[in-house]
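One-letter residues, chain by chain:
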Amino acid sequence: MILKVEHSTLFEYEEPIYETATEVRLHPASAVGSQQCASFNLQITPPASVFDYIDYYGNRVHHFNILQSHKRVQIVATSVVETDAQPETGPFTEDEILLLDLLAESHYVRFDPAIQALAARFREIDEPCRQATEICQHINDSFRYEPGVTDVHSTSAVVMALGRGVCQDFAHIMLATCRNLGLSARYVSGYLYGGGSTPEGRDEASHAWCEVWCGAEKGWTGFDPTHKSLFVDERYIKIGTGRDYGDVPPVRGTYKGASSEKLGVSVRVSSLEHDGEAPESRQRQRV
Amino acid sequence: MTRLFDHYHPQPDRFFDEVIAREGAPRSHYDIMMQRFNQFSAADIRARRELVNIFFRNQGITFTVYGVDEGIERIFPFDLIPRIIPASEWEGIERGLIQRITALNLFLADLYQDQKILRDKIIPAELVLGSKHFRREFVGVKPPLGIYIHVTGSDLIRDAEGRYLVLEDNLRTPSGVSYMLQNRIAMKRAFPVLFDRYTVRPVENYPQQLLRTLQEISPTPKHDPKVVVLTPGIYNSAYFEHSFLARQMGVQLTEGRDLVVNNNKVYTRTTKGLKIVDVIYRRVDDEFIDPLVFRPDSVLGVAGLVNAYRKGNVTLANAIGAGVADDKVIYSFVPEIIRYYLGEEPLLDNVETWLAGNPKHLKYILENLDKLVVKAANESGGYGMLVGPQSTPEEREQFAEKIVENPRNYIAQPTISLSRHPSFFNDTEIAPCHIDLRPYVLNGKSISIVPGGLTRVALKRGSLVVNSSQGGGSKDTWVIDN
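Residues numbered from 1 in each chain as written. Chains lettered and ligands numbered in written order. Predicted model: local features only at pLDDT ≥ 70, side-chain atom pairs only at ≥ 80, totals over all residues.

Per an unreviewed UniProt entry, chain B carries the name Circularly permuted type 2 ATP-grasp protein and comes from Chlorobaculum thiosulfatiphilum.

By the naming in an unreviewed UniProt entry, chain A goes by Transglutaminase family protein and is assigned to Chlorobaculum thiosulfatiphilum.

Shown next as structure tokens:
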């Protein structure tokens, strides 16, 4: 599919703030697996010089700062991405140190007793891909999708105790379970194109899921514990990966000044293959 | 009249005494010092003590003790009897430290570039990946001259045979060098005659050497690169030192709020507007140095600093992430690190170390808690440690729980009988007290070590802990030409 993403983030302040410094991870991954990023444009208001670098996990990070006082900052990222229905074929290789890194606990991914007990239920399955599929199915079946009960700081331990959450939380649960069983697994930040596919029939354009290393033959395999389809296909657009949400937040920043911050995010993913008759998905993203 | 050393009983069969050899005679380099102190009356000593106290008070030389509610600012106790190291002995230390710092720097360069040492399985990768101070944010960033550790202060001790051993490496923001400089001034004032009887190698030019090292790592070669000192502020235990060094080097002392990053360049705010900064001697820990990248709640840092560093527009001393190499678990691999990068045998040995993360070692540690010193892998300053022989069964039980809960975070070492040195317990009496040595190493275009360093002394009777935060004091340290 050829998909267009428009991702707008707007920060508004009651009183002027100054010395904003911001990092964004919004550039869709390119030449990974079955995805190509054809174009990317980042627009900052008020205008700022934008710089970029590649981080430890291979994600492209853009950053900018605004010295003078301002009351709003808008970041609009527009990209066109081509995704392929056919998954890449192996054999695959991966850096052994990265695979080790993605086996350990991290800030959001904790091996608390509840996770250990959950993981124990899948220990007998001897094939990584099947193991991951069963875990994904289990989370999808037994956790309730409910926005507003968790927040951006909730760790897997918190979500385990609640039994509810959103895509980011489900991804963390799956990562914790897989890693506790010795499967290297990473968090994926991205978008999902498609109408009404959340458990409640709503769109969730800005999305998170996981990838599990399923050995040289299958490589990194995407799993989405939030959606019943479980597997990642051409509707999924990947931005980047990391140990957990903390490694790939879409927008991270600081500012000076005493003012309350109001945040508005809108994400729109549309298909470019229907001559402007694009079915759209649109949603205000939770933050 | 009783002479000062008449009642000095060093027990040289149990401990290495720096002054009195095993046979009971003074080591030759201490002859003059002993004779001189033996001539002093109690009144002479009191007068000199008073002189030194006034000097320290006037200089405002203090440090802050964390974890107590009242009177946290203290004068660092100073002992009047100098420690003397003959040049021949010092040269061995110097060579050993140069070797060690060279290898540790290569280790950091490798960890933050290709990670060959991990791929070759010399060090288990999970130990590095699991280290609190391994900064993924810094991987791929290339600091000028390939130097990661510009200012270090490794702690050396001597065992019962007098062998120098490295107890720990301080590669982040080692402190104490200002005490070394002040101790020398105090000593020269209080004992001018004694000082003149020896040819003591000078330490006074340390601030100028530090400045030169900092200028050498400027991102772009400049005639007069702008260097600043970055301090966490007046509540930091070493604030005195930060302001002292800035003043001695003639550079600006800044806090995070005095600096700003614009378009990947760092500026200091001056009355004449923004002025570009080339090199930052930072005494702020990694976690607090850039709220954009590390702890977002930090008000001590500068937002965007890491990206300016990454772009090569500013240099930090020491580099981000240097702490991974002074993690106490990684410490136990330093001999391997030296062999791996330099193909040499270590000139200075480590203290034998058991890792709680290794199941066999863990068993040994738990069974011998009463004999061992146990330390948290990432703490410094004597915090978070258990001195087995001086602990109660309850303390050991509590500590055992902590170790079992998070074994990666603990190491254990035998209780080394640190060497001892005559020191004043009060104004008139001396007794043997345990000491260590922190030499200061500067690493720029070449490595230089200030002769001597800071000798820390445990002034509590029987105590082995020399950290200033735990009741330790210090001595002037003289490297003398033979």
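Enquirer: Could you give an account of the overall build of chain A, naming the residues involved and the relevant values?
Expert: Secondary structure assignment for chain A yields six helices and 14 strands. Here chain A has a C-alpha radius of gyration of 19 Å; the compact-globule value for 287 residues is 19 Å, and the two agree. Across the 287 residues of chain A, 41% fall into the buried class. (Helix = DSSP H or I, 4+ residues; strand = E, 2+ residues; numbered from the N terminus. Rg over C-alpha atoms; globule rule 2.2 N^0.38 Å. Buried ≥ 20, exposed ≤ 12 C-beta atoms within 10 Å, placed from the backbone.)

Enquirer: Pulling in residues and values, what's your account of the confidence of the model for chain A?
Expert: Looking at chain A as a whole, its pLDDT mean stands at 90, while 91% of the residues score no less than 70. Across residues 275-287 of chain A the pLDDT falls below 50, and counting only partners more than four positions away or on other chains, this stretch makes 32 contacts in the model. (pLDDT = per-residue confidence, 0-100. Contact = placed C-beta atoms within 7 Å.)

Enquirer: Please give an account of the sheet that holds strand β11 (residues 273-276) of chain B that cites residues and values.
Expert: All names here are of chain B. With antiparallel pairing, three strands are arranged side by side in an open sheet as β9-β10-β11. Edge strands, defined here as strands with exactly one partner in the open sheet, are β9 (259-262) and β11. Put simply, the sheet's adjacent strands are angled 45 degrees from each other on average, direction ignored. The sheet contact formed by strand β10 (residues 265-270) and β11 spans four bridges and is antiparallel. (Pairing = 2+ DSSP bridges. Axes fitted to C-alpha atoms, helices over the stretch in contact; angles between N-to-C directions.)

Enquirer: Quick rundown of unusual backbone geometry? Include the residues and the values.
Expert: Residue and element names in this part refer to chain A. Residue Gly-90 is joined to Pro-91 through a cis peptide bond whose omega torsion reads 0 degrees. For Pro-91, the position within the fold is in the loop between β5 (70-83) and α1 (96-101). Non-glycine residue Glu-19 carries a positive phi angle of around 50 degrees. Relative to the elements of secondary structure, Glu-19 occurs in strand β1 (residues 2-24).

Enquirer: Explain the interface of chain B and chain A residue by residue, including any values.
Expert: Interfaces are frequently sized by the accessible area removed from exposure as the parts join. Contacts between the two partners involve 20 residues from chain B and, on the opposite side, 17 residues from chain A. When contributions to the side of chain B that touches chain A are tallied by element, the ones reaching two or more residues are α5 (125-129), β9 and α11 (305-310) of chain B. Class assignment for the residues of the side of chain B that touches chain A results in 10 nonpolar, seven polar and three charged. (Nonpolar A, V, L, I, M, F, W, Y, C, P; charged D, E, K, R; others polar.)

Enquirer: Which residues make up the domain arrangement of chain A, and what are the values?
Expert: Splitting chain A by domain gives domain 1 (2-83 + 249-284) and domain 2 (96-247). The C-alpha-based centres of domain 1 of chain A and domain 2 of chain A are spaced at 24 Å. (Domains from an automatic or database assignment.)

Enquirer: Outline the packing of helix α8 (residues 206-216) of chain B against helix α9 (residues 239-249) of chain B, listing residues and values.
Expert: Residue and element names in this part refer to chain B. The geometry of α8 relative to α9 is characterised by a closest axis approach of 9 Å and an angle of 80 degrees between their N-to-C directions. Between α8 and α9, the interaxial angle falls into the category roughly perpendicular. Of the residues in α9, those in contact with Pro-207, Leu-210 and Leu-211 of α8 are Leu-245, Gln-248 and Met-249. For the contact of α8 with α9, the residue count by class is five nonpolar, one polar and no charged. (Parallel < 35°, antiparallel > 145°, perpendicular 65-115°, else oblique.)

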